[in-house]
Amino acid sequence: MMTEQVRKILSYYEGENPGVRTNLARILNHGTLGGTGKLVILPVDQGFEHGPGRSFAENAAGYDPAYHFQLAVDAGCNAHAAPLGAILAAAPAYAGEMPLILKLNNHDVLAPDGADPAPAVTGSVQDALRLGCAAVGFTIYPGSAQFKTMYQEIRGIAEEAKRCGLAVVIWSYPRGSGLSKQGETAVDVVAYAAHIAAQLGADIVKVKLPTAHIEQEEARKLYQAREVPVASVADRVRHVIQSTFAGKRIVVFSGGSKTSEEAFYEDVRGIQAGGGFGSIVGRNSFQRPHDQAVAFLKKIMAIYAGK
Amino acid sequence: MMTEQVRKILSYYEGENPGVRTNLARILNHGTLGGTGKLVILPVDQGFEHGPGRSFAENAAGYDPAYHFQLAVDAGCNAHAAPLGAILAAAPAYAGEMPLILKLNNHDVLAPDGADPAPAVTGSVQDALRLGCAAVGFTIYPGSAQFKTMYQEIRGIAEEAKRCGLAVVIWSYPRGSGLSKQGETAVDVVAYAAHIAAQLGADIVKVKLPTAHIEQEEARKLYQAREVPVASVADRVRHVIQSTFAGKRIVVFSGGSKTSEEAFYEDVRGIQAGGGFGSIVGRNSFQRPHDQAVAFLKKIMAIYAGK
Amino acid sequence: MMTEQVRKILSYYEGENPGVRTNLARILNHGTLGGTGKLVILPVDQGFEHGPGRSFAENAAGYDPAYHFQLAVDAGCNAHAAPLGAILAAAPAYAGEMPLILKLNNHDVLAPDGADPAPAVTGSVQDALRLGCAAVGFTIYPGSAQFKTMYQEIRGIAEEAKRCGLAVVIWSYPRGSGLSKQGETAVDVVAYAAHIAAQLGADIVKVKLPTAHIEQEEARKLYQAREVPVASVADRVRHVIQSTFAGKRIVVFSGGSKTSEEAFYEDVRGIQAGGGFGSIVGRNSFQRPHDQAVAFLKKIMAIYAGK
Amino acid sequence: MMTEQVRKILSYYEGENPGVRTNLARILNHGTLGGTGKLVILPVDQGFEHGPGRSFAENAAGYDPAYHFQLAVDAGCNAHAAPLGAILAAAPAYAGEMPLILKLNNHDVLAPDGADPAPAVTGSVQDALRLGCAAVGFTIYPGSAQFKTMYQEIRGIAEEAKRCGLAVVIWSYPRGSGLSKQGETAVDVVAYAAHIAAQLGADIVKVKLPTAHIEQEEARKLYQAREVPVASVADRVRHVIQSTFAGKRIVVFSGGSKTSEEAFYEDVRGIQAGGGFGSIVGRNSFQRPHDQAVAFLKKIMAIYAGK
Amino acid sequence: MMTEQVRKILSYYEGENPGVRTNLARILNHGTLGGTGKLVILPVDQGFEHGPGRSFAENAAGYDPAYHFQLAVDAGCNAHAAPLGAILAAAPAYAGEMPLILKLNNHDVLAPDGADPAPAVTGSVQDALRLGCAAVGFTIYPGSAQFKTMYQEIRGIAEEAKRCGLAVVIWSYPRGSGLSKQGETAVDVVAYAAHIAAQLGADIVKVKLPTAHIEQEEARKLYQAREVPVASVADRVRHVIQSTFAGKRIVVFSGGSKTSEEAFYEDVRGIQAGGGFGSIVGRNSFQRPHDQAVAFLKKIMAIYAGK
């Protein structure tokens, strides 16, 4: 049964074809949060991004891609995102169990790409189709001198993916020589990055939970003049959501406090209060032992479910 | 949760890519029979095949394609099959609610195509993708002098569909100058037709419930010699299932006794007893008033569920 | 300003992309009936279909394609439909004045194609784009032994046209050895033809105003049993509209009584009363002198406007 | 200098791109009649169409394709039309001397194609470009059961040719089982054939000079009722010109009286009086000795020039 | 009804196909200034170009792309220009209400691209077609070391767009290490930039209102020698218009005095007096509250309308 919440969100996507809307619905209607209009996604590309040891030594079960599929099933996540190889390895055994997001570009820390990185395209729309995925994922680094390459890659990929009925998820991570380290999570920069992703045609936007820092001088003046509140997590999430077509695009957040579980849940409450659509929780979940990870994810889902 | 029954069926399809298996799983896991390994599909192409009046005057709500989507949802069918126009009209409002099968060829009774008909191709794999379908459907008429045209059309379509992760459903209806009218539902002919569909790459085969008539002289002699039982519905279904790769392809049956509801249910019990995977029920459901149709379909599902 | 009537009609087309919906809106919002949800289209392909003399000798101004463009402007028609050559000749001078429908196939009476004709494809989607058209038009002859050729031609054309944002208009004219002459306009056959066009993906369906004759024996029995009223023009139009997705596809009617103008207007009132979306008036308008044609068309529009 | 006459003719072609208009201007501005808005074309495809002996034994110099190029130059024709091989053979020596029309399809009398012929496509748009042609030529046979094949071939060829800036000349020759022998040159049929060519996108239409015979019963009634004059050559030419977009497409005529030179000139005077754009003169010129042919063509041009 | 003013402007575009001319006519004939030959366009790509906060915090309603569509409708603008995401989000609800220009490349201020920027291509011609746009927009930065990349991108895009009947709008913004900051709006540089855009095939050129500064030494000498007047806004606009094919390409101006509304209107009067075709007004309109923005835009239109 289609709920009012999901029906409302889908109404924002009338510019997309029924195939894209079907795959968005598959994600929104799956798992513990299915039908609430909120979502929790389990992404596992850290093996590629940071190396397998750094990613999985903490919980060695995670070396096996199938582990993450099972974790997403057990926790009732809305979807699981991973690069080509991992999905190729585990998708057959999990066919039809859960919406999948094929991460179509990746970056590794071995590459000496300096201050202005750009990931490599490592999969195709055709891969996503033959592997049964509901969406493709792509990372852009606004702030990198290589922005033009990345934006143009996702432009072509998004056009092809949507023509084939796949939804498009953009990870928008500010990074590059145009930004300070602190600026990468500055509220003005994160809001800007989310906006860029939406303008590039993202159906789902993924950003980091922003800090109260404001990176751009012009933005700071204006935020003060217009009294744009950025003090609390909820304030900042609200600003990001507003910056992403006034709430008419699904935005999910990664990151959050690492000081304690309670502090993390508090951040989730802030995302919820600020109108965020959910969380994408990677290392913080899969680096814990299986049962703790499930409990942790279920607690997050309970907050989004308003329980 | 993936059940043992579905997992076993999917194991027959390891030659297909994970996309095809995902879409088979979507169909097998959806609706009232989800997870049982049995399926009931609501097909509505009769408006095209026999004319709108003959199809829908009986229950005028059926003129609206959306009615059938809702009926399939209300009855908990595993999937709904329809031609391009109907899916184009109703899919947006039902995005994500149910697996769809896009019927890619159609035939109408106005056409003076004599004893050896061939349907027209009326949709494409690309249509199925952008409309969010889980499978494409195609009708072949074994026994028609135009068999070569039809077999070659589905060959190309199936290749493309599967490359894109879509499952392939073949309606295999013996018809043509090579057959007597009685022969169209003869048990040897139906078994043969199901086998041809499987050989053409069908993931799901749809045939009519066969009679005890044996059309081919050579077949009759052999069936008698080898004592192939064809007396009961269960016997004949068992023979069809066996003929379709020894049960390793999903075969669903249409038709069934029209003398009474009870007789129809008895046929369903026969399909169940013979190892059939389910039913595809069109006119017999949508020509009844909505609530009666739902009750009728739910009763059929209850039989398949072993209740 | 978008009216409620047009907004409602456009809501039936959410399966189409915004480009197709924009072009449907252009047609629905243009001319005297703009915004009413009703439409009157001026088609002039008779020069090709019946020969120039038979078409234009009556009113020799009509030999010039530009005459028909001007007539459509002067009368305030919603759109003008014509074959490639005529649009190529007159479109430059009328660029932007009126939505155009490029007729993509044509048939002539010199061709000895017997009882089962099929028109020739005489233009392309690319032609329609470079000539600034809002839609492409295509004729099918349900009932012809060549149905497969025609249905497959429009399938490919419609897919390409819609991908490019063009709307698709199908002229569905029953004709062929499968039908009696009387059967070509029989109410059951016309309703069937309209349904086929909709299933083939037509955004706008064009049929002839049906008579009370019922061609198919099975249809006749059922209509009587179910008391489907077909006595009046309004009854028959209502049945056609219902048969075309329960009113969710635009259906326009050609033909109508030739006995007198008043009888023709009475037919238009019947179309209006039966829920028809409008008329497509060719020879009956352009074979009259200009001012009489304008007055005639304006009178028809006044009826649709409820004046 | 562009003359008023040519400027006016080119204004009919504003739907074509500047490349097509440039090539039309090249033809209209070349030779003795350059700038007058009238044209005389020398076509030589009779070797292919009727065999070399029947075509050239009369004047053996004509076996050499170069002879016809030189004849066209010497006589001051606007253009020379020929099949691929002839142009390939002679174009190098005559590059830039005269606009060329590459005849893209041809038919021979050896082929046993019965009552409903269709020529073979024997050259390409690419051939025309690399050989420096100003236009491509194509023959259709309205009235042949193979009309669909021919119309669809020229549709594709014309689209490609025009995209490359080449003008399109259609030879429209009624022929086929739908017509009597007399009907092939009937005034109603020739007018219809010219109209069909224009609707197919011809920039220049070539038809046979029609007789006063009226083939179609419906046409005859209407012509009488509307008093369409067809008694004189000028009357009939006027009707053909009118039928071809009211004079807005260039129409040239072949044929003409064979009883005497004077009778032929009288026909040309009729074409001129009826508003025809010129003549296309093949056998009647190249089967004469060179100097007589030049004189003959120059006399025709003088009539068109009003001298 | 086509006015003389629009007809005259369209006559400059006879080199374009009827599709492009139709879309130019759609823009010229829409809204309050429809038919006057003048135009006011509402562009909103500032969210992408400068960040959402800096663009919309001033008037928070503007975070929603639909707000700008409504503003353009309410003010009676000729067209609305925006990037892919915004049009995807709002076009369905506004299908057919207003000509749209899809901005096909974009740049953001997070990118550390130094003195010689180049935007990223963020949409396609195919996107514009399926979203129902009348034109595509593209920004070039003459003066950037990356000019070759940008000019070649628009060359390919313009070719494809025009083949599909879409008009091409070029934003020509001098910027790069070859220019001083003051030089970016110097009258000689702006005139040069407009000329480059026209040479690249722009149907509509968009430049900033130039200052009296002359950047290039050679230009300065010549302007003085030839007494090219650049003292007033009207003088400078006249020079830009003249530089863009002597007034035969539509040029619209952005920018204008920010000191007061009256000063801005005075600039508009200067554009009007200098023969400019209109204004493209972004931030100056959408950063005001809705009703003030409508009043402001209507006042500008009144000036262009000569009221």
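Please refer to the structure higher up on the page.
All of these numbers come straight from a predicted model, not from anything done at the bench. (Residues numbered from 1 in each chain as written. Chains lettered and ligands numbered in written order. Predicted model: local features only at pLDDT ≥ 70, side-chain atom pairs only at ≥ 80, totals over all residues. Heavy atoms only, no water.)

### A look at the interface of chain C and chain B
In this complex, chain C contributes 42 residues to the contact, which on the side of chain B involves 42 residues. Both faces combined, the contact of chain C with chain B buries some 3,300 Å², and carbon together with sulfur accounts for 64% of it. One can count four salt bridges joining chain C with chain B. Taking the shortest distance from any N to any O, the salt bridge between C:K248 and B:D64 comes out at 2.7 Å. Applying the counting criterion to the chain C and chain B interface returns 14 residue pairs in polar contact (both at pLDDT 80 or more). Contributing elements (two or more residues each) for the side of chain C that touches chain B: α8 (147-163), α9 (187-199), α10 (217-225) and α11 (233-243) of chain C. Broken down by class, the residue content of the side of chain C that touches chain B amounts to 18 nonpolar, 13 polar and eleven charged. (Contact = heavy atoms within 4.5 Å. Buried area = accessible area lost by both parts, 1.4 Å probe. Salt bridge = Lys/Arg side-chain N within 4 Å of Asp/Glu carboxyl O. Polar contact = N/O pair within 3.5 Å; in protein donor to acceptor, adjacent residues only side chain to side chain. Helix = DSSP H or I, 4+ residues; strand = E, 2+ residues; numbered from the N terminus. Nonpolar A, V, L, I, M, F, W, Y, C, P; charged D, E, K, R; others polar.)

### Some details on the sheet that holds strand β3 (residues 100-103) of chain E
Taking strand neighbours around the barrel as the criterion, the eight strands line up as β1-β2-β3-β6-β7-β8-β9-β10 (chain E) in a closed arrangement whose pairing is parallel. For this sheet the average axis-to-axis angle between neighbouring strands, irrespective of direction, equals 25 degrees. (Pairing = 2+ DSSP bridges. Axes fitted to C-alpha atoms, helices over the stretch in contact; angles between N-to-C directions.)

### Quick look at the pattern of salt bridges
The tally for this structure, following the rule as stated, stands at 66 salt bridges over all chains. With a shortest N-O distance of 2.9 Å, D:R269 and D:E266 are connected by a salt bridge. Of this pair, D:R269 and D:E266 both sit in helix α12 (residues 261-273), three residues apart, which is roughly one turn of that helix. Three or more residues joined by partner-sharing salt bridges are found here, namely A:R155, A:E159, E:D127 and E:R130.

### Observations regarding the relation of the copies chain C and chain B
The transform that puts chain C on chain B rotates by 71 degrees and translates by 0.5 Å along the axis, for an RMSD of 0.1 Å. What the superposition gives is, in effect, a five-fold axis relating one chain to the other. Distance from the rotation axis, computed per C-alpha, reaches its smallest value in chain C at C:T149: 11 Å. (Least-squares fit on C-alpha atoms with pLDDT ≥ 70 in both.)

### Focus on the interface of chain D and chain C
Between chain D and chain C, the contact holds 42 residues from the first and 43 residues from the second. Interface area, chain D with chain C, both sides summed: about 3,300 Å², of which 64% is carbon and sulfur. One can count four salt bridges joining chain D with chain C. Measuring nitrogen to oxygen at the nearest pair gives 3.9 Å for the salt bridge that ties D:R155 to C:D127. At the surface where chain D touches chain C, the tally comes to 14 residue pairs in polar contact (both at pLDDT 80 or more).

### Some thoughts on the arrangement of the chains
Without any contact between them, chain A and chain D keep their closest C-alpha atoms 27 Å apart. Taking C-alpha atoms as the reference, chain B and chain D come no closer than 19 Å and do not contact one another.

### Here's the deal with the sheet that holds strand β1 (residues 39-43) of chain D
Residues and elements named next belong to chain D. Judged by pairing direction, the barrel is parallel, and its eight strands sit side by side in the order β1-β2-β3-β6-β7-β8-β9-β10 before closing back on the first. Direction aside, the axes of adjacent strands within the sheet are offset by 25 degrees on average. As paired elements, strand β6 (residues 135-140) and strand β7 (residues 167-172) share six bridges and run parallel to each other. In the sheet register, V136 faces β7, and the bridge partner there is V168. Sitting on the sheet, helix α6 (residues 84-94) touches β2 (79-82) and β3 (100-103), and the angle it makes with β3 is about 145 degrees.

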